[in-house]
Amino acid sequence: MSEQIKDGGTAFPCLDAGGTGILQLREPGMTLRDYFAAKAMQACATNEVGAHGFTFDERAAWAYQQADAMLRAREVQS
């Protein structure tokens with residue numbers, strides 16, 4: 001059985017009372033893991049050395065490895 005990935009929760013949650021007076025998560029959006037991966041992917045894709053010689057799939061896998069490392073680092077800090 002594979003280890004469950006902790007995704008960090010929502011990156012940009014949107015709370016809304018919807019007329020009820022009780023705040024509820026209206027739109028969870030992307031996870032913090034996805035947000036971190038997107039930032040890592042952007043850095044890799046815009047760096048000629050970092051992007052050279054890797055397929056898109058390899059870069060995506062690397063970006064999520066970076067995101068997972070960032071999430072682990074956050075757990076250590078808290």
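Look up: the structure comes first, before these words.
For clarity, every value in this text was computed on a predicted model and none was experimentally measured. (Residues numbered from 1 in each chain as written. Predicted model: local features only at pLDDT ≥ 70, side-chain atom pairs only at ≥ 80, totals over all residues. Heavy atoms only, no water.)

Caption draft 1: Looking closely at the overall build of the protein. Of regular secondary structure, the protein possesses 3 helices and 2 strands. Secondary structure of the protein in N-to-C order comes out as β-β-α-α-α. Counted over contacts in the protein with a minimum sequence separation of 6, partners at least 24 positions apart contribute 39%. Here the protein has roughly 6,200 Å² of accessible surface; of this, 57% comes from carbon and sulfur atoms. (Helix = DSSP H or I, 4+ residues; strand = E, 2+ residues; numbered from the N terminus. Contact = heavy atoms within 4.5 Å. Areas by Shrake-Rupley, 256 points an atom, 1.4 Å probe, with all protein chains shown as cover.)

Caption draft 2: Focus on the nonpolar core. Within the largest apolar cluster, 8 residues are counted, these being A11, L32, F36, A37, A40, A63, A67 and L71. Counting only elements with at least two residues in this core, the list comes to helix 1 (32-45) and helix 3 (56-77). Take this core: its biggest share by element is 4 residues, from helix 1. (Core = buried A, V, L, I, M, F, W, Y, C linked by side-chain atoms within 4.5 Å. Buried < 20%, exposed > 50% of the residue type's maximum accessible area, 1.4 Å probe, protein only.)

Caption draft 3: Quick look at the packing of helix 1 against helix 3. Where helix 1 meets helix 3, the axes come as close as 8 Å, and the angle between the chain directions of the two elements is 125 degrees. Relative to helix 3, helix 1 is oriented oblique. Seen from above, helix 1 lies across helix 3 with right-handed handedness. In this structure, helix 1 contributes L32, R33, D34, F36, A37, A40, M41, C44 and A45 to the contact, and helix 3 contributes F56, R59, A60, W62, A63, Y64, Q66, A67, D68, M70, L71 and R74. Grouping the constituent residues of the contact of helix 1 with helix 3 by class yields 15 nonpolar, 1 polar and 5 charged. (Axes fitted to C-alpha atoms, helices over the stretch in contact; angles between N-to-C directions. Parallel < 35°, antiparallel > 145°, perpendicular 65-115°, else oblique. Left-handed = near helix turned anticlockwise from the far one by under 90°. Nonpolar A, V, L, I, M, F, W, Y, C, P; charged D, E, K, R; others polar.)

Caption draft 4: Geometry of helix 1. The first and last C-alpha atoms of helix 1 sit 20 Å apart over 14 residues, in line with the 20 Å expected at 1.5 Å per residue. Residues of helix 1 that are buried include every one of L32, R33, F36, A37, A40 and C44, and no others. One face of helix 1 carries all of its buried residues, which in axial projection span an arc of 135 degrees. (Expected span 1.5 Å × (residues − 1). Arc of directions from axis to C-beta.)

Caption draft 5: How the structure looks around the pattern of salt bridges. All told, the structure shown has 1 salt bridge when counted by the stated rule. For R33, the salt bridge goes to D68, with nearest N and O atoms at 2.5 Å. Highlighted residues: R33 in helix 1 and D68 in helix 3, separated in sequence by 35 residues. Residues R33 and D68 agree in their burial class; the two are buried. (Salt bridge = Lys/Arg side-chain N within 4 Å of Asp/Glu carboxyl O.)

Caption draft 6: A look at the side chain of T31. For T31, the location among the structural elements is in the loop between strand 2 (24-27) and helix 1. Judged by its relative accessible area of 17%, T31 is buried. At a separation of 3.0 Å, a polar atom in the side chain of T31 contacts the main-chain amide nitrogen of D34. Excluding anything up to four places from it in sequence, T31 contacts D7, G9, T10 and A11. (Polar contact = N/O pair within 3.5 Å; in protein donor to acceptor, adjacent residues only side chain to side chain.)

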